[in-house]
Amino acid sequence: MSRFLHSLRFKRDHRWAPDHMSEYLDEELGARARVRMDRHTKECPECRGVLGGLRRVVSALRRLPHPRGGPDAAEMTAAVLRRLHEHSDH
């Protein structure tokens, strides 16, 4: 691939990657999109860092204990999860 085409692909993927990182971590991307993300994050230290940070946050959230505080805690957890998904959809 020519240097010019590589540069164009990199820039295009650099704009695309952040909006698809949550789907990537949740294994919701198709095979071609996963390959695209893998390729880009190998080439791009910035996106690799963002993905790594997101991976650490998701991992930490998954390790949190399930709420035992009754309906208020369950409602709060559901609200937080909705907000996280809303944010990842943008």
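These lines cover the structure that appears in this document, whether it is placed above or below. (Residues numbered from 1 in each chain as written. Predicted model: local features only at pLDDT ≥ 70, side-chain atom pairs only at ≥ 80, totals over all residues. Heavy atoms only, no water.)

Let's shift gears to the overall build of the chain. Helix and strand counts for the chain come out as five helices and zero strands. Helices and strands in the chain line up, N terminus first, as α-α-α-α-α. At 17 Å, the chain has a C-alpha radius of gyration far larger than the 12 Å of a compact globule built from 90 residues. Burial status across the chain gives 21% buried among its 90 residues. In the chain, once contacts between residues fewer than 6 apart in sequence are set aside, the share between residues at least 24 apart is 56%. Of the roughly 7100 Å² that the chain leaves accessible, carbon and sulfur atoms contribute 57%. On the chain, the mean spot of the 18 positive side-chain charges and the mean spot of the 13 negative ones are 9 Å from each other. (Helix = DSSP H or I, 4+ residues; strand = E, 2+ residues; numbered from the N terminus. Rg over C-alpha atoms; globule rule 2.2 N^0.38 Å. Buried < 20%, exposed > 50% of the residue type's maximum accessible area, 1.4 Å probe, protein only. Contact = heavy atoms within 4.5 Å. Areas by Shrake-Rupley, 256 points an atom, 1.4 Å probe, with all protein chains shown as cover. Lys, Arg positive; Asp, Glu negative; His and termini not counted. Charge placed at Lys NZ, Arg CZ, Asp CG, Glu CD.)

We now examine the pattern of salt bridges. Counted under the stated rule, the structure contains five salt bridges. Residue Arg 36 pairs with Asp 13 through a salt bridge whose shortest N-O separation is 2.6 Å. On the criterion of sequence distance, the pair formed by Arg 36 in helix α3 (residues 31-43) and Asp 13 in helix α1 (residues 3-16) is long-range, its members being 23 residues apart. Each member of the pair, Arg 36 as well as Asp 13, carries the same accessibility label: buried. Ionic pairing is found between Arg 62 and Asp 26, a salt bridge with its closest N-O pair at 3.3 Å. With Arg 62 in helix α4 (residues 45-63) and Asp 26 in the loop between α2 (21-25) and α3, this pair connects stretches of sequence that are 36 residues apart. For Asp 26, a relative accessible area of 32% gives the class partly exposed. Overlapping salt bridges, with partners in common, bring together Arg 12, Asp 13, Arg 36 and Arg 39 in one network. (Salt bridge = Lys/Arg side-chain N within 4 Å of Asp/Glu carboxyl O.)

What follows deals with the packing of aromatic side chains. What the rule picks out here adds up to zero aromatic pairs. If you follow Arg 34 out to its NZ or CZ, it ends over the ring of Tyr 24, 4.3 Å from the centre. One Lys or Arg, Arg 36, reaches over the ring of Trp 16 and ends 4.1 Å from the middle of that ring. (Phe/Tyr/Trp six-rings, centres within 6.5 Å; stacked < 30°, edge-to-face > 60°. Lys NZ or Arg CZ within 6 Å of the ring centre and 35° of its normal.)

Here α3 is 13 residues long and its end C-alpha atoms lie 19 Å apart, about the 18 Å a rise of 1.5 Å per residue gives. If you follow the buried residues of α3, they end up packed against α1, α2 and α4. (Expected span 1.5 Å × (residues − 1).)

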